[in-house]
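# Report on the structure
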Amino acid sequence: MRLTKIKEIKGFRIFKDFTWPDNLDDFARFNLIYGLNGSGKTTLTTIFSDLEHRRSASASSLNFEFGDKTVNGKLPQKGSIPPIRVFNRSFIEHAIFEDPAQQELAPVFYLGEDSVEKQKEISGLRSDVETIVEDLKSLDTQKSAKQKGFDKFCSEGASNIKNALTRPGGRFNNYNRPAFESRVEELLTSGGARLKEADREQLLGVAHAQLMKTVANVKLPPIKFMELTQRVERLLEKSVTASVIQELRDNPQLGQWVQSGLNLHKNRSETDHCLFCKQSLPENRLEDLEAHFNDELNRYQAELDSQIQNIESSIRAIKNFELPATGLLYQHLQADFEKYAERWSSSKLSVVNFLDSLASALQKKRENPFQRMDLRDFLFAFSTAAKDSNWLVKTVSIALDASQNIAAQFGLGVVDGINKLIDEHNRHSSSFEQQVQDAMNRVADDMVLEALDEYQQYKADLLQLDASAEDKRSKRDKNKARIKQLEEEVRHHLKAAEELNEEVAAYLGRRELTFETSDSGYRLFRYGEPAYHLSEGERTAIAFMYFLKTLEDESLDLTKTIIVIDDPISSLDANSLYSAFSFMKMKTAEAAQLFILTHSFQLFRLVRNWFDHINGRKKKTPLNAHMYLLEVKWVASPRYSRRLIALH
């Protein structure tokens, strides 16, 4: 099937509104389109190239006629059209590739659009590989620095623990980095809580302590405060039965003085004169005084004196009670011990004041044995006069109500706290080595936990660098595999250098350029020297040679293929032009349809003579070859149109 005509081209580059003229002959098997530069030949070859690759054209309207069938150029993939092969400037650009990475030797050239595209991909992949190699070097440097920092971090972590916990015979004396890393990994799995600063300091004290002797518990004097308080209360409330002398009762000091004098008189034989004033005693005066100071009062006062002595003895015992020296306990217990000692000083003062108040109350009762007293009133008056707090009144009230142990009100429980610390001290001594070991382990773990976040960050950074490097290596290897595959594919399509040299020489008409196979391409030499740059004419010649060679591909049926050739002789001299024309004429003779586009009048004349021969020189009735002129026609400023007219 052949292309009959281009029915219309609208809105495509310089073809704004082209329509196939009614009086214009259809395309023949062989066609020549002649036109000056700027007439639209390149645009026409672009339209043919879009058809070749089944690409949708950007024209607003584009229609072709193949035989009796119209094909929409905007939807060529849906049309049934024959194979098309186009040689134009675009083909040249895609058919020859000079590898820029090979400039240290003769440059390597690659021929053929497929080989060129693959070699460009190879070059890009090689560039990527070089970049990846540099990236891997950078990652390796980063990892080396990060690993060095990590190693230093772990070594310093181990050293810090060793320095903090070294002691004679201790397990941390040889603590090293592997042990540190191992413990970090264990704690990452099992977890753990940090120590408070005070707890850490205390454990460090335990870790560096020396074995100390045991300490005996302390014991307060055995004072039964509640019984004592209740006994005093009862003595204060008691009243003595006697023949009371009102004057002595109302004046306690006088009563005491008289009682002392009465005792002196009882021990003398002469009792009728006063030992003080030497005056005669009134009749029955001694009997009256003895009745006032009877045996019951004496016994009562003796009981008061005894109780006062007991209380004073307890006061002395409390005052003489001493705690063990703080330095006898392990350092980690000393702070709590000192707190208890301070509280004991306050409690001791409270107890002494309380006992003093009881003794003072009994003394007052002795001076006023015939008067009932209330301990609460007395203590209230005593505490107020002493400008003391109400603790005494409150304590006595609780004690007398028997609701609590009075010792608790004085804070005497501090002694229990002190004894607990002493017990802990003694237990520590009995299991000293284990206690020291446990303390060291806890401090070491706390120091490991302190480094945990930074350790994890180092590990994460190293893993990320490893992952990045692995990705880079994977991409590098993938690129290398792809390069190898592409090189094999390009190498598979290489022609023998000898054949290539003969064809180029035949095309150009001279043996100036020679090719040698290299890797998957060709190294080009000019007169035996590396040819670093090809002229435009040489590039065109080599590309056209390759194009004509592709027409011999076994997968292509030339007899069913439309061939389009645009100016294959650009920049060639006259001698080379004849060789190129002959080469083209020979290679395209079997094509189903041929289109030659040129602005060269020399090529036009050669093709016209060829077509005349094809038509049997019957110009008026051409059969197989047509010639057209593509010209620019002025329509209205600034608009021009393109049109085809027949040439005969």
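Please read all numbers here as calculations on a predicted model, not as lab measurements.

Cut-offs applied
- Residues numbered from 1 in each chain as written.
- Predicted model: local features only at pLDDT ≥ 70, side-chain atom pairs only at ≥ 80, totals over all residues.
- Heavy atoms only, no water.
- Helix = DSSP H or I, 4+ residues; strand = E, 2+ residues; numbered from the N terminus.
- Contact = heavy atoms within 4.5 Å.
- Areas by Shrake-Rupley, 256 points an atom, 1.4 Å probe, with all protein chains shown as cover.
- Buried < 20%, exposed > 50% of the residue type's maximum accessible area, 1.4 Å probe, protein only.
- Phe/Tyr/Trp six-rings, centres within 6.5 Å; stacked < 30°, edge-to-face > 60°.
- Lys NZ or Arg CZ within 6 Å of the ring centre and 35° of its normal.
- Pairing = 2+ DSSP bridges.
- Axes fitted to C-alpha atoms, helices over the stretch in contact; angles between N-to-C directions.
- 1 Å grid on protein atoms, 1.4 Å probe; cavity = no way out; pocket = protein on both sides within 12 Å on 5 of 7 lines; lining within 4 Å.
- Points joined across faces, edges and corners; volume = space filled by probe spheres on them.
- Parallel < 35°, antiparallel > 145°, perpendicular 65-115°, else oblique.
- Left-handed = near helix turned anticlockwise from the far one by under 90°.
- Nonpolar A, V, L, I, M, F, W, Y, C, P; charged D, E, K, R; others polar.
- pLDDT = per-residue confidence, 0-100.

## So, the overall build of the protein chain
Within the protein chain one finds 21 helices and 15 strands. Of all intrachain contacts in the protein chain linking residues separated by at least 6 positions in sequence, the fraction that spans at least 24 positions is 72%. If you sum the accessible surface of the protein chain, you get close to 34,700 Å²; carbon and sulfur atoms cover 47% of it.

## With respect to unusual backbone geometry
Trans peptide bonds make up most of the peptide bonds, and negative phi angles are found at most residues other than glycine. Positioned with a positive phi, Arg13 is a non-glycine residue whose angle comes to about 55°. Position of Arg13 relative to the elements: it lies in the loop between β1 (3–12) and β2 (15–19). A positive phi is found at Arg54, a non-glycine position, where the angle reads about 55°. Relative to the assigned elements, Arg54 resides in the loop between α1 (41–52) and β4 (61–66). On the accessibility criterion, Arg54 (30% relative accessible area) is partly exposed.

## Details of the environment of Phe601
Its place among the elements puts Phe601 in helix α21 (residues 601–614). Sequence separation between Phe601 and Gly35 is 566 residues; the distance between their C-alpha atoms is 9.3 Å.

## Here's the deal with the packing of aromatic side chains
To describe a pair of aromatic rings, you give the distance between the ring centres and the angle between the ring planes. Evaluation of the coordinates by the stated rule reveals 25 aromatic pairs. Taken together, a centroid distance of 5.4 Å and an interplanar angle of 80° make the contact between Phe27 and Tyr628 edge-to-face. Taken as a pair, Phe27 in the loop between β2 and β3 (30–34) and Tyr628 in strand β14 (residues 625–636) lie far apart in primary sequence, 601 residues in all. We classify Phe27 as buried; its relative accessible area is 8%. Members of the aromatic cluster, each reached through a chain of ring pairs, are Trp20, Phe27, Phe48, Phe595 and Tyr628. Lying over the aromatic face of Phe172, Arg171 brings its terminal NZ or CZ to 4.4 Å of the ring centre.

## With respect to the sheet that holds strand β5 (residues 69–72)
Sheets are built from strands that pair by backbone hydrogen bonding, the pairs being arranged parallel or antiparallel. Reading across the sheet, the 4 strands line up as β2-β1-β4-β5 and stay open at both edges, with antiparallel pairing between neighbours. Single-partner strands in this sheet number two, and they are β2 and β5. Across this sheet, the average inter-strand angle for adjacent strands is 20°, counted without regard to direction. As defined by bridge partners, β4 adjoins β5 across 4 bridges and the pair is classed as antiparallel.

## Focus: empty space enclosed by the protein
Scanning the entire structure with this criterion turns up 2 cavities of 30 Å³ or more. If you add up the space inside the second largest cavity, you get close to 30 Å³. Every residue along the wall of the second largest cavity is listed here: Ile47, Asp50, Leu51, Arg55, Ala57, Leu62, Phe64, Gly73 and Pro76. Listed by contribution, the elements that provide at least two residues to the lining of the second largest cavity are α1 and β4. Looking at the lining of the second largest cavity, the element that brings in the most residues is α1, giving 3 residues.

## Here we look at the packing of helix α6 (residues 225–237) against helix α11 (residues 331–367)
Axis separation between α6 and α11 bottoms out at 10 Å; the angle between their running directions is 20°. Put simply, α6 runs roughly parallel to α11. As α6 packs across α11, the resulting crossing turns out to be left-handed. Taking contact as the criterion, the partners of Phe225, Leu228, Thr229, Val232, Leu235 and Leu236 in α6 are, on α11, Val351, Phe354, Leu355, Leu358, Ala361, Leu362 and Lys365. Of the residues belonging to the contact of α6 with α11, the class tally is 11 nonpolar, 1 polar and 1 charged.

## A short note on the environment of Lys118
Inspection of the secondary structure puts Lys118 in helix α3 (residues 113–165). Overall, Lys118 belongs to the buried group, its relative accessible area being 16%.

## Structural notes on the side chain of Asn419
By secondary structure assignment, the location of Asn419 is in helix α15 (residues 414–430). When neighbours within four sequence positions are excluded, Asn419 is seen to be in contact with Asn217 and Val218.

## Focus: the confidence of the model for the protein chain
With 77% of its residues at a pLDDT of at least 70, the protein chain reaches an overall mean of 79. The low-confidence segment residues 384–390, where pLDDT is below 50, has 3 contacts with residues more than four positions distant or belonging to other chains. Note on residues 398–404: pLDDT under 50 across the span, and 17 contacts to partners over four residues away in sequence or across chains.

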